[in-house]
Amino acid sequence: MSANLSTSASSPRRLLVRVLLPIVAACALIAGVNIGLGALGLKLRDSCWGKCYPEYDVVYSRAVEARNKGKRVIAFIGDSRIEWGIDPEAVQAALERQNVRDVEVFNLAIPGRNVRTMLTRLNEAGFHPDMLVVGYSHLSFYWSKNYVTEQPHHLSWWTSDLTRIRSFVQRKIVVMPYALSELQNFLRTGVSPAGGSWLDEVTLSPRGQARVHYKMPQDEAVAFQKNAYKGMYSVAMTDDMIAETNASFLKDMSVQRAHGARVLLLKMPLSAWALDLERANERASLADLAGYLKVPFADGNEVPGAVEMESFDGLHLAPPAATIFSRWVAENLVLPNLK
Amino acid sequence: MLAPDLSLGFYNSFYIALGVAAYLLVPSNLLRQLALLVVSYAIYWTISGRLVAILFLISTIDFLLVSLMLKRTELRRLCLVSSIALNFGVLFYFKYFNFFVDQFKLIFAQTGAAGTGALDIAIPVGISFIVFHGVGHSIDVYRGKIAQPRYLDYLLYIAYFPKILAGPITRSVEFIPQLDRIGRIPLDNLTSGAELILLGLFKKIVVAAIFGQYWNELQTAKDGGILLVYAAGACYGLFLLADFSGYTDIARGVSRILGIELARNFDQPYGATSVSNFWRRWHMSLSFWLRDYLYIPLGGSRYGLPRTIFNLLVTMTLCGLWHGAAWTFVLWGVAHGLVMSAERLTREKLPFLKLPALIRLCLTFFFLSLTWILFASPDLTSARMLLGHVVEAPSPVNSQLLLLSLATLALGPLLSYFGVYTRLLRRMEAGNALAFAVNTFMIIAIAIQLWRGTNVSEFVYFRF
């Protein structure tokens, strides 16, 4: 006999009036306000900005300050692969060697597949650098998260961001390999899914590059990330999801481009195992997307020796490799596209 | 020291959802208990990682000791002592070892000798609560208040996820008999459980955030004299009540939906007219535990006034130390013990000194507010800096501070004393229309607070 809910005559009515109706009423009111403001052309600002990302906001404020001083600003945005793997000082030094001296380079990437969050934030804050280098990843769009609170930022998230909910359901309920990969990670390393203890403290350079060290040995770090990414890629990426992702990219980037920002796409180099995991359609879609957006792009894996670049976990470049790769980005992607 | 990740995010929601689904669907009581046990261990694992083994080992060894206690009567006392020693040994190692090492190091540093190094110890989350549940059960079996339960029941009693992180400390005699009935959930339990969860979220996300913000600003303020100290302490007191009672409401609500009633923890504590009365209303599951398993076994009030005062001081000092291995907590406990002793002394020897209830109410709240500063400060130096404003020369009254002080006085002791909150809750219980309005308001307030990007901090009592 399964658990049963016993009821009295008034029970369903109590549940309806005291719990279900308040939820519906509150959601309707919130949605009404949100839709009403949208119809009036007003947008509720994301008030997390300036509060939720204290370390990153310091770097951001330096970028704004440089812009206000009349410097040309080059900003990198993306996830942890950009955050760890792009050394802004190295990019700036490479540009200075080519006599480009009025430029300030910043790495504004935030870990956690955050391209969408970052773009929204930059647009909402009205910050438009001269050049915006966007770290490309499909995961960034359909699976981004708020780094600090993990809360979606807009009142309308539950109506507008159905893709997020769908992917969550897929990952957690339909696609068990993801849950199994978490279990496997725990059994191998003792790191629980809530995580937090697998990295030493992250320190940000003044221009925003994270200097990070794993607490675990390299082979465990590779196995750990491999499991995690196996789980992520176990989600079926349908054509309409790719189309939705591309549309989102276009929408968010069009604001930046309309304000004169030169947008470039950059895919960070991955080691062999990570390349194997990426599905073929995703590998191809960088070029498709760049063509669709009509922006220059660079695939880090086309850099000679990219697969062998020093990386602690196969996904993120180690600091010496980051410096080498950043120089390559400066000379082959940034410089040719700098006005 | 490693810090546990205490986020109660997607992962735990996922396990809870799975557990509840399994709980509702599985065909027998035994399987339902198993589902709850698996979910409880999974949640503990997501928070504490490998330290989940400690939880399992303590529970299992305790269970074996209590079983042995019942089988071999000549070993009863030894088994009880072993169980208590095991639990408090574990608690001492994880929570207090480094504190005492630090004190020895200070002493040795003063005498010129070298001290020993502290250990890098990761603390299992909720260890104080786990230990108190275990010890309480062993003593209750020893006293014959409850028979030894099945192993599965006992594991679930200790690890039950709604209460493992921060209580309420529910006696096994109250908890375990409910396990036989967990398949039958009245629909009204679902309603009132959901309402409790909503109330808890409102307290945590809205009320605690507001008073926490005031506390953050006031604790580093420069001028304001005694009014500043009072306002800071009062704001922290209201923050802590909203935070901890919010957590308790959520825990009790979740548990009620699962068909298990957990102990109450609060009864309008700021409506207390004495510190002794406050402890009958604040964190009741802890204070009653200390009363039944420490204060009364020490002799309680049975052996004259001096012994009563001694027992009170010991109990309250240990109560302070239970909250954390720091001198701030010890002093907080001692201060409460001293005032409770003074109250006892006055009541027995100087009854004519009894003040009107409203004055006692305000004085009690003022004392509580001052001592919350000790509780909240990371070390004695910080506490001294803030409390030092008490002896500042009087400065012009800051109108904002005055307004905040009056607001805390109204929202804390006065509304509690006059039963406003209790009456509101009672009317909500009786009237669906009022409940609809209040619950809708709370959901909207929570949504706005989350949209504003307010960081929801971890629950304070998860540290203990």
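What counts, and where the lines are drawn
Residues numbered from 1 in each chain as written. Chains lettered and ligands numbered in written order. Predicted model: local features only at pLDDT ≥ 70, side-chain atom pairs only at ≥ 80, totals over all residues. Heavy atoms only, no water. Helix = DSSP H or I, 4+ residues; strand = E, 2+ residues; numbered from the N terminus. Buried < 20%, exposed > 50% of the residue type's maximum accessible area, 1.4 Å probe, protein only. Contact = heavy atoms within 4.5 Å. Pairing = 2+ DSSP bridges. Axes fitted to C-alpha atoms, helices over the stretch in contact; angles between N-to-C directions. Core = buried A, V, L, I, M, F, W, Y, C linked by side-chain atoms within 4.5 Å. Domains from an automatic or database assignment. Parallel < 35°, antiparallel > 145°, perpendicular 65-115°, else oblique. Left-handed = near helix turned anticlockwise from the far one by under 90°. Nonpolar A, V, L, I, M, F, W, Y, C, P; charged D, E, K, R; others polar. Salt bridge = Lys/Arg side-chain N within 4 Å of Asp/Glu carboxyl O. Phe/Tyr/Trp six-rings, centres within 6.5 Å; stacked < 30°, edge-to-face > 60°. Lys NZ or Arg CZ within 6 Å of the ring centre and 35° of its normal. pLDDT = per-residue confidence, 0-100.

**Details of the overall build of chain A**
Thought 1: Assigned secondary structure in chain A consists of 14 helices and eight strands.
Thought 2: Counting the 339 residues in chain A, one finds 55% classified as buried.
Thought 3: Counting only contacts in chain A whose residues sit at least 6 apart along the sequence, the fraction spanning at least 24 positions is 80%.

**Points about the sheet that holds strand β7 (residues 262-267) of chain A**
All names here are of chain A.
Thought 1: Ordered in space as β3-β2-β4-β7-β8, the five strands form an open sheet in which the pairing is parallel. Unpaired on one side and paired on the other, β3 (103-107) and β8 (297-299) mark the two borders of the sheet. Going across the sheet, the axis of each strand differs from the next one's by a mean of 15°, ignoring polarity.
Thought 2: For strand β4 (residues 131-135) and β7, the ladder comprises five bridges, and the chain directions are parallel. From the neighbouring strand, M131 faces β7, where its bridge partner is R262.
Thought 3: Sitting on the sheet, helix α4 (residues 88-97) touches β2 (72-77) and β3, and the angle it makes with β3 is about 160°.
Thought 4: Packed on one face of the sheet, helix α14 (residues 319-337) meets β2, β4, β7 and β8 and runs near 145° to β7.

**Brief notes about the nonpolar core**
Thought 1: Core analysis: the biggest nonpolar cluster contains 112 residues, and L36, Y270, W279, W282 and W372 of chain B have the highest contact counts within it.
Thought 2: The greatest single-element share of this core, amounting to 19 residues, is contributed by helix α10 (residues 225-257) of chain B.
Thought 3: When we break this core down by domain, the ones giving at least three residues each are domain 1 (13-184) and domain 2 (188-463) of chain B.
Thought 4: I82, A298, M309 and L317 of chain A belong to the second-largest nonpolar core, a separate cluster that totals 29 residues.

**Considering the packing of α4 of chain A against α14 of chain A**
Residues and elements named next belong to chain A.
Thought 1: Axis separation between α4 and α14 bottoms out at 8 Å; the angle between their running directions is 50°. Looking at the two axes, α4 sits oblique to α14. As for the relative orientation of α4 and α14, their crossing is right-handed in sense. Listed contacts from α14 to A90, V91, A94, L95 and R97 of α4 are T323, S326, R327, A330, E331, V334 and L335.
Thought 2: Classifying every residue of the contact of α4 with α14 by side-chain character gives seven nonpolar, two polar and three charged.

**Overview of the packing of helix α9 (residues 187-218) of chain B against helix α17 (residues 399-417) of chain B**
All names here are of chain B.
Thought 1: Between α9 and α17, the shortest axis-to-axis distance is 13 Å and the interhelical angle comes to 140°. The angle between the axes of α9 and α17 places the two elements in the oblique class. In this structure, α9 meets α17 at a crossing whose hand is left-handed. In this structure, α9 uses F211, Y214 and L218 to contact α17, whose residues at the interface are L401, L404, T408 and L411.

**Brief notes about the pairing of β4 of chain A**
Along any regular strand the residues' side chains alternate between the sheet's two faces.
All names here are of chain A.
Thought 1: Along β4, five of the five residues are buried, which leaves the element largely enclosed by surrounding structure.
Thought 2: By the alternation rule, side chains of β4 split into M131, V133 and G135 and L132 and V134, which are all buried.
Thought 3: Note: β2 against β4, four bridges, orientation parallel. Paired with I77 across the bridge in β4 is V134.

**Points about the pattern of salt bridges**
Oppositely charged side chains may form a pair once their charged atoms are brought near each other.
Thought 1: Inspection of every chain in the model, using the stated rule, returns 18 salt bridges over all chains.
Thought 2: Linking E74 of chain B and R72 of chain B is a salt bridge whose minimum nitrogen-to-oxygen distance equals 2.8 Å.
Thought 3: Residue classification places E74 of chain B among the exposed positions, given a relative accessible area of 54%.
Thought 4: For R252 of chain B, the salt bridge goes to E261 of chain B, with nearest N and O atoms at 3.3 Å.
Thought 5: If you follow the salt bridges from partner to partner, you end up with R14 of chain A together with D188 and E429 of chain B in one network.

**Looking at the packing of aromatic side chains**
Thought 1: Scanning the model with the defined rule gives 37 aromatic pairs over all chains in all.
Thought 2: Consider the rings of W332 of chain B and F375 of chain B, whose centres lie 4.8 Å apart with planes at 65°: the pair is edge-to-face. Taken together, the positions of W332 of chain B in helix α14 (residues 327-349) and F375 of chain B in helix α15 (residues 357-376) put the pair 43 residues apart, joining distant regions of the chain. By the burial criterion, W332 of chain B is buried, and F375 of chain B matches it.
Thought 3: It is R207 of chain A that lies over the ring of F106 of chain A; its NZ or CZ is 5.2 Å from the centre.
Thought 4: Directly above the aromatic system of F175 of chain B lies the positively charged group of K163 of chain B, at a separation of 5.4 Å from the ring centroid.

**Details of the confidence of the model for chain A**
Thought 1: Confidence in the prediction of chain A, expressed as mean pLDDT, is 74, and 64% of residues score 70 or more.
Thought 2: Here residues 143-164 of chain A is a poorly scored stretch, pLDDT under 50, and it has 59 contacts once near neighbours within four places are set aside; other chains count.

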